[in-house]
Amino acid sequence: MGWFDLLWKRSQHYVLKLSRKLDSRRNYQVGCFPMSKKITRKELLNILKTVKDPELNADLVSLGMIKEISVSEQKVVIEVELTTPACPLKERIRQDIISAINQIGFNQSVEITFSSRVRSSFTSEQPYLKGVKNVIVIASNKGGVGKSLVAANVATALSRMGARVGLLDADVYGPNIPQLFGMDGHQARAMQGRIEPLEINLGGKYPLKLMSIGFLLPERDAPVIWRAPIVNKLMREFFQNVPWGELDYLVIDMPPGTGDIQLNVVQLIPHASTVFVTTPSDVALADVNKGIAMFQRTGTPVIGIIENMSYFVCPNCSTKHHIFSKEGAERIKEKFGMKIMGKIPLDLSLREISDKGYPIVVKDPNHEVSKILVEIARQIADAVSVLAVKRESQRAVNGRSFVQLPLKSSD
Ligand code: ADP
C-alpha cells in the first residue's frame, strides 16, 4: 500500500468516526434517542416535567397532576388529574403534552386520559361546612341584576360537568332558587334535628343539592320580616345543620348588598371565593365598587366579575345594543385588577325559560346564552382551583411535597 492509499484510508476512518460522534451528539442534544427506541417511564416523566399548567406556571409532575403513566411496547398512557372537572384548559394541556412528546421520536402510540380531583380551598380545620371543599359566593350590590339566575346556572353547569355541587339560597328576603328549579312549594325535611337539602338530578354524575329558606316557609308568598341577628342565626344553621355531605363546590346565592348579613357570611367562611354580578350601568358599578372593597377588606378573595344584561342583540337586524351602557366590567377590572368571568346578554328566552323553572343550561344547552354561562362556570371553577392549589402548595398534604406557588395577600 502506497503513501497515498494509506492517507486516504485513514481520512475515511476519521470522517466516519466524526460523523458517528456528531450523530450521537445530535440525539443527545434533543434529549432522546433514535426513532426506533421505545420510551421508558423515566424518560416520559422527564418530558412531562417540562410541561407546565398554563395558569399555575408550574410543571404537571410537581403539581401532582400526573396520576398514572403506563408504558408498554405499543402504547404510552398518561392520566392527567385535573384540579376541576370544569377545567377550561384541558385541551391546551393535552396539546402541550403532545407537542413536548412530538419533539422527540419513538414508536409507541400516546393516549392521554383525564380525571379530576377538586382541591380544597380550606387551609385548616373548618368549624362549618366540613365536607365542602370550596365555597363560591355569588354576590351583587343590587337586587334584580340576575344574581340568582347566574347562581342557579353556574351550580347546574358545574354539576353537569361531574362535580359534586350544592346550592344555598341565602337570599332570605327574596328566595328565588325554588322557583328557578321549578320547585316552588317543596318542603325540606328535618331528620334528627338537621334540615335535609333537596336533591335534583340535572344530568350530572351526582344530584344537585339545594337549600333555601323557601323550602322552610309554610307558603310561597310568606314574607320574611327578620332582623339581621335572626338571619345571621339562620345562616349559621345552613352551614352547620344542613348535612351537605361531601361537596366539591357549594354555591351561595347571597342577599344583595354589603351589610351585616353579608359580613357575617364572609366571616363564617373566610375562604369562600366571591364573584360579583352587575349590570354595566354607572349606578350599579358605583355600588359594586363599594361591595368589592368591603369583601376585600374582610380578606375574602373576590375572584371576578360577571356583567349581566351586558347588551341586547336585536332579533330582526342582529345589531348589538348596549342598553345599560358599555364596558362597565372593564372599569372594575382596571380598578381592582380582577378577571371578567363573562358577559351575558339581555335575552328574552333566558328570562322566559328561567321564570318557568328551568336552568337554561339544561333546557337549551345549545343556546348562545347557555354556552356563555357554561364558560362562566368553567372560568369560576378554574380561578377557584388556582387558589386552592396555591393554598395547598403552602402546606404539606399527606406528606407529599408540592412546589411553592406565590399567594397574594388577598388569596
Ligand atoms: P337577583 O337575584 O339579582 O335579584 P334574578 O336572578 O332574580 O335577580 O333576576 C331578576 C329577573 O331578571 C328574573 O326575572 C330573571 O329571569 C331576569 N333576568 C336576569 N338576567 C337576565 C338576562 N340576562 N336577560 C333577561 N332576563 C334576565
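As a starting point, this report considers the structure included with it. Everything numeric in this text was worked out from a predicted model, so none of it was measured.

## As for the overall build of the protein chain
- The number of helices and strands found in the protein chain is 12 helices and 15 strands.
- Looking at the protein chain residue by residue over its 411 residues, the buried ones come to 40%.
- Looking at the protein chain alone, contacts between residues at least 24 apart form 75% of all its contacts between residues at least 6 apart.

## A look at the nonpolar core
- Grouped together as the largest cluster of nonpolar side chains are 99 residues, with contacts concentrated most on Ile 138, Val 154, Leu 158 and Val 251.
- Among the elements that make up this core, the one with the highest residue count is helix α12 (residues 368-393) (13 residues).
- Each of two domains, domain 1 (41-116) and domain 2 (132-393), supplies a minimum of three residues to this core.
- Those residues within four positions of Val 251 in sequence are excluded, and the remaining contacts are Ile 136, Ile 138, Ala 151, Val 154, Ala 155, Val 165 and Leu 167.

## Regarding the sheet that holds strand β1 (residues 66-71)
- On the basis of which strands lie adjacent, the open sheet formed by 3 strands has the order β1-β2-β3 and mixed pairing. On the outer flanks of this sheet lie β1 and β3 (109-116), each paired with one strand and no other. Taken over all neighbouring pairs, the strand axes of this sheet differ in orientation by 15° on average, direction set aside.
- Bridge count for strand β2 (residues 75-82) against β3 is 8 bridges, and the pairing is parallel. Following the sheet pairing, Val 76 is matched in β3 by Val 110.
- Helix α2 (residues 41-48) contacts β1 and β2 of the sheet and is inclined by roughly 140° relative to β1.
- Across the sheet, helix α3 (residues 90-102) lies against β2 and β3, angled at about 150° from β3, the strand it touches most.

## Some words on the packing of helix α6 (residues 228-240) against helix α7 (residues 260-268)
- Following both chains from N to C, one finds α6 and α7 inclined at 30°, their axes separated by 9 Å at the closest point. With respect to their mutual orientation, α6 and α7 come out roughly parallel. Judged by the twist between their axes, the crossing of α6 over α7 is right-handed. Only Asp 260, Ile 261, Asn 264, Val 265 and Leu 268 of α7 make contact with α6, whose side of the interface consists of Ala 228, Val 231, Asn 232, Met 235, Arg 236 and Phe 239.

## With respect to the sheet that holds strand β11 (residues 273-278)
- Strand order across the open sheet formed by 8 strands is β8-β9-β5-β10-β4-β11-β12-β15, with mixed pairing between neighbours. Each of the sheet's edge strands pairs with one partner strand only, and the pair in question is β8 (198-200) and β15 (339-344). On average, each strand axis in the sheet is inclined to that of its neighbour by 25°, with strand direction left out of account.
- With 5 bridges connecting them, strand β12 (residues 302-308) and β15 associate as parallel partners.

## Topic: the environment of Gln 108
- Mapped onto the elements of the fold, Gln 108 is located in the loop between α3 and β3.
- For the pair Gln 108 and Ile 39, spaced 69 residues apart in sequence, the C-alpha separation works out to 7.7 Å.
- What Gln 108 contacts, discounting residues up to four positions off in sequence, is Lys 38, Ile 39, Gln 74, Lys 75 and Val 76.

## A look at the site of the ligand
- The ligand sits among 18 residues. The nearest are Gly 146, Lys 147, Ser 148, Leu 149 and Arg 351.
- At the level of elements, α4 (147-160) and α10 (348-355) are the ones that each hand at least two residues to the shell around the ligand.
- Along the lines of polarity and charge, the residues of the shell around the ligand split into 6 nonpolar, 8 polar and 4 charged.

## Focus on the pairing of strand β10 (residues 247-253)
- Burial analysis of β10 places 7 of its 7 residues in the buried class, which makes it a mostly covered element.
- Judged from the 5 bridges that link them, strand β5 (residues 165-169) and β10 form a sheet pairing that is parallel. For Leu 167, the partnering residue across the bridge sits in β10 and is Val 251.

## Concerning the environment of Asn 141
- Mapped onto the elements of the fold, Asn 141 is located in the loop between β4 (132-139) and α4.
- Here Asn 141 falls in the buried class, since 24 other C-beta atoms lie within 10 Å of it.
- Along the backbone, Asn 141 and Gly 259 are 118 residues apart, and their C-alpha atoms lie at a distance of 9.9 Å.
- In this structure, Asn 141 is in contact with Pro 256, Gly 257, Thr 258, Asp 287, Val 288, Lys 290 and Gly 291, ignoring residues within four places of it in sequence.

## Here's the deal with unusual backbone geometry
- We note that Ser 318 has phi near 60°; this positive angle belongs to a residue other than glycine.
- Among the secondary structure elements, Ser 318 is positioned in the loop between β13 (312-313) and β14 (320-321).
- The exposure class of Ser 318 is exposed, given the 7 C-beta atoms found within 10 Å.
- You will see that Ser 325, though not glycine, has its phi angle at about 80°, which is positive.
- Take Ser 325: there are 14 C-beta atoms within 10 Å of it, and that puts it in the partly exposed class.

Cut-offs and rules
- Residues numbered from 1 in each chain as written.
- Predicted model: local features only at pLDDT ≥ 70, side-chain atom pairs only at ≥ 80, totals over all residues.
- Helix = DSSP H or I, 4+ residues; strand = E, 2+ residues; numbered from the N terminus.
- Buried ≥ 20, exposed ≤ 12 C-beta atoms within 10 Å, placed from the backbone.
- Contact = placed C-beta atoms within 7 Å.
- Core = buried A, V, L, I, M, F, W, Y, C linked by C-beta atoms within 7 Å.
- Domains from an automatic or database assignment.
- Pairing = 2+ DSSP bridges.
- Axes fitted to C-alpha atoms, helices over the stretch in contact; angles between N-to-C directions.
- Parallel < 35°, antiparallel > 145°, perpendicular 65-115°, else oblique.
- Left-handed = near helix turned anticlockwise from the far one by under 90°.
- Near = placed C-beta within 6 Å.
- Nonpolar A, V, L, I, M, F, W, Y, C, P; charged D, E, K, R; others polar.

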